[in-house]
Amino acid sequence: MTATLDQPSPVTVEAAGALAGRLVATALGSLELMTIQLGLETGLYAALAASPRTAPALAEATGIAARYCREWLEQQAMAGLVGVDDPAADPDARSYSLPASTALVLAAEGSPFDLTPLVRLLGAAGLSMPAVTRAWREGRGLSFGEYGDGLREAQGAFNRGDWQQRLVPEWVPLLGLDERLSRPGARVLELGCGVGYAAVALAQGFPGLTVVGVDSDEASVTDAREHAAAAGVGDRVRFETLHADADLGAVAGTCDAVLVLEALHDMAHPVAALAAARSSLAEDGCVVVLDEAVADEFAPPGPGQEGPLPERLFYASSVLHCLPVGLSEDGSAGTGAVMRPSTLRAYATEAGLPDVQVVDLGHDLLRCYVLRR
């Protein structure tokens, strides 16, 4: 006899209990992330990283009300994120400190463990939920710009570490491009350049290189220009507000390589974008696509089970952001973040780039494709 909601089987009860426990833990994690974002935005972690403090001392250092500081410090201690010298002391006399492990994750920009961009990215995504819900109900997309300044800035910061620390010293040599990009007059085009950190890193790494970045989001291009100027490479890095399927040859000239970093799956017309990239390439040039390292096939684990963490991350990101962005233009391919290798190969072949090579970058979340004629 089939169990009903009124008379669930013991197996169903056990599975429901496990799922409920998992979701409660997830909800708690979400709440704690919000308190972490609060600590980042108000400078509480930075003040604690400077020296241990009581709640009144932390309030004086940050300009936050002492009662708020006390509650936050106690909550952070319960979460295991800060240390306290004497829990039994008067609440305002307890001295709190930031452990070195917490500092590496939340108070050390550039640390390999720095997760502050991810925290801010999730906070910005939460603010966009009403707009995402409306877009779903209305059957339309949501442009990248409609997600707001916070998400743009957080997403740029999230990728910044890889672009600045690994792109030139590790990945360009793995791709066999270091000698070519070192030649006088070498040129690179980046499609979907975002706020420009990758283009800037390339220009800094190759003093004779000219880089042109294009993006459809005007605010991102404005940020990119500011970042290039601040890095002192504004004379060799140019950014333009364009769709990726524009006449890129006219914009960038003939390029030794075209890079599409964490952007192709967001594009409404990926085949047209790759075809435009092809048209701007030197005869022996290549298109480098970095995108999500998704599984080859859709293979859900079954009810009550959890799939691989990366796949869950990519799908959740796609539901909330990547797919709505991709659907914001008419005639969209509707790719989403989970762009399987077979999908990428089909796009590349249709765009006239049938030679597709996968290069292992040693990255848990990214896969690298090199496309040639």
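Look up: the structure comes first, before these words.
Quick look at the structure, then. Not measured: the values here are computed from a predicted model.

**Side note on the sheet that holds strand E3 (residues 187-191)**
Think of a sheet as strands paired side by side through backbone hydrogen bonds, with each pair either parallel or antiparallel.
Phase 1 of the analysis: A sheet is described by the order of its strands in space; here 7 strands give the open sequence E5-E4-E3-E6-E7-E9-E8, paired in mixed fashion. Each having just a single partner strand, strand E5 (237-241) and strand E8 (355-359) make up the two edges of the open sheet. Taking each pair of neighbouring strands and ignoring which way they run, the sheet shows an average axis angle of 20°.
Phase 2 of the analysis: Sheet topology places strand E7 (residues 281-292) next to strand E9 (residues 366-372); 6 bridges connect them, and they run antiparallel. In the sheet register, Val-288 faces E9, and the bridge partner there is Val-370.

**Quick look at the packing of aromatic side chains**
Phase 1 of the analysis: Counting across every chain of the model gives 3 aromatic pairs.
Phase 2 of the analysis: With 5.1 Å between their ring centres and 70° between their planes, Tyr-45 and Trp-72 make a pair best called edge-to-face. Taken as a pair, Tyr-45 in helix H2 (residues 44-50) and Trp-72 in helix H4 (residues 66-78) lie far apart in primary sequence, 27 residues in all.
Phase 3 of the analysis: Exposure remark for Trp-72: the relative accessible area of 5% places this residue in the buried category.
Phase 4 of the analysis: Here Phe-298 and Tyr-315 contribute two aromatic rings whose centre-to-centre distance is 6.3 Å and whose plane-to-plane angle is 75°, an arrangement assigned as edge-to-face. Of this pair, Phe-298 sits in the loop between E7 and helix H15 (309-326) while Tyr-315 sits in helix H15, placing them 17 residues apart in sequence.

**Focus on the pairing of strand E4 (residues 210-215)**
Phase 1 of the analysis: Within E4, 5 of the 6 residues are buried, which leaves the element mostly enclosed by the surrounding structure.
Phase 2 of the analysis: Judged from the 5 bridges that link them, E3 and E4 form a sheet pairing that is parallel. Counted as the bridge partner of Arg-187 is Thr-210 from E4.
Phase 3 of the analysis: Chirality of the crossover, the property in question, places the unit of E3, helix H11 (residues 197-205) and E4 among those that are right-handed.
Phase 4 of the analysis: Bridge count between E4 and E5: 5 bridges; the pairing is parallel. Note that in E5 the partner of Val-212 across the bridge is Arg-238.
Phase 5 of the analysis: Once you follow E4 into helix H12 (residues 218-230) and on to E5, the crossover reads as right-handed.

**Section: the side chain of Ser-280**
Phase 1 of the analysis: The topology assignment puts Ser-280 in the loop between helix H14 (270-279) and E7.
Phase 2 of the analysis: Note on Ser-280: relative accessible area 2%, which makes it buried.
Phase 3 of the analysis: Of note is the side chain of Ser-280, whose polar atom sits 2.9 Å from the backbone oxygen of Ala-277.
Phase 4 of the analysis: In contact with Ser-280, other than residues within four places in its own chain, are Leu-189, Leu-248, Gly-249, Gly-253, Thr-254, Cys-255 and Val-258.

**A look at the packing of helix H8 (residues 149-165) against H11**
Phase 1 of the analysis: Running from N to C, H8 and H11 cross one another at 20°; their axes reach a closest spacing of 9 Å. Compared by their axis directions, H8 and H11 come out roughly parallel. At the point where H8 passes H11, the crossing takes the right-handed sense. Counting all contacts with H8, which are made through Gly-156, Ala-157, Arg-160, Trp-163 and Gln-164, the residues of H11 involved are Tyr-197, Ala-198 and Ala-201.
Phase 2 of the analysis: Of the residues contributing to the contact of H8 with H11, the split by class is 5 nonpolar, 2 polar and 1 charged.

**Overview of H4**
Phase 1 of the analysis: Between the first and last C-alpha of H4 there are 18 Å, a value that for 13 residues agrees with the 18 Å anticipated at 1.5 Å per step.
Phase 2 of the analysis: Taken as a whole, H4 has its buried residues at Cys-69, Trp-72, Leu-73 and Gln-76. Viewed end-on, H4 has its buried residues packed into an arc of 100°, placing them on one side of the element.
Phase 3 of the analysis: Buried residues along H4 sit in contact with helix H1 (10-41), H2, helix H3 (55-62) and strand E2 (96-97).
Phase 4 of the analysis: Gly-80 sits one or two positions beyond H4 and adopts a positive phi of about 80°.

**Quick word on the layout of surface pockets**
Phase 1 of the analysis: Roughly 720 Å³ of internal volume is contained in the second largest pocket.
Phase 2 of the analysis: Within the residue set of the lining of the second largest pocket, elements represented by two or more residues are H8, H11 and E4.
Phase 3 of the analysis: When residues in the lining of the second largest pocket are grouped by element, the largest group, 5 residues, is from H8.
Phase 4 of the analysis: For the lining of the second largest pocket, the residue count by class is 15 nonpolar, 13 polar and 8 charged.

Definitions and cut-offs
- Residues numbered from 1 in each chain as written.
- Predicted model: local features only at pLDDT ≥ 70, side-chain atom pairs only at ≥ 80, totals over all residues.
- Heavy atoms only, no water.
- Pairing = 2+ DSSP bridges.
- Helix = DSSP H or I, 4+ residues; strand = E, 2+ residues; numbered from the N terminus.
- Axes fitted to C-alpha atoms, helices over the stretch in contact; angles between N-to-C directions.
- Phe/Tyr/Trp six-rings, centres within 6.5 Å; stacked < 30°, edge-to-face > 60°.
- Buried < 20%, exposed > 50% of the residue type's maximum accessible area, 1.4 Å probe, protein only.
- Right-handed = clockwise from strand over helix to strand, strands pointing away.
- Polar contact = N/O pair within 3.5 Å; in protein donor to acceptor, adjacent residues only side chain to side chain.
- Contact = heavy atoms within 4.5 Å.
- Parallel < 35°, antiparallel > 145°, perpendicular 65-115°, else oblique.
- Left-handed = near helix turned anticlockwise from the far one by under 90°.
- Nonpolar A, V, L, I, M, F, W, Y, C, P; charged D, E, K, R; others polar.
- Expected span 1.5 Å × (residues − 1).
- Arc of directions from axis to C-beta.
- 1 Å grid on protein atoms, 1.4 Å probe; cavity = no way out; pocket = protein on both sides within 12 Å on 5 of 7 lines; lining within 4 Å.
- Points joined across faces, edges and corners; volume = space filled by probe spheres on them.

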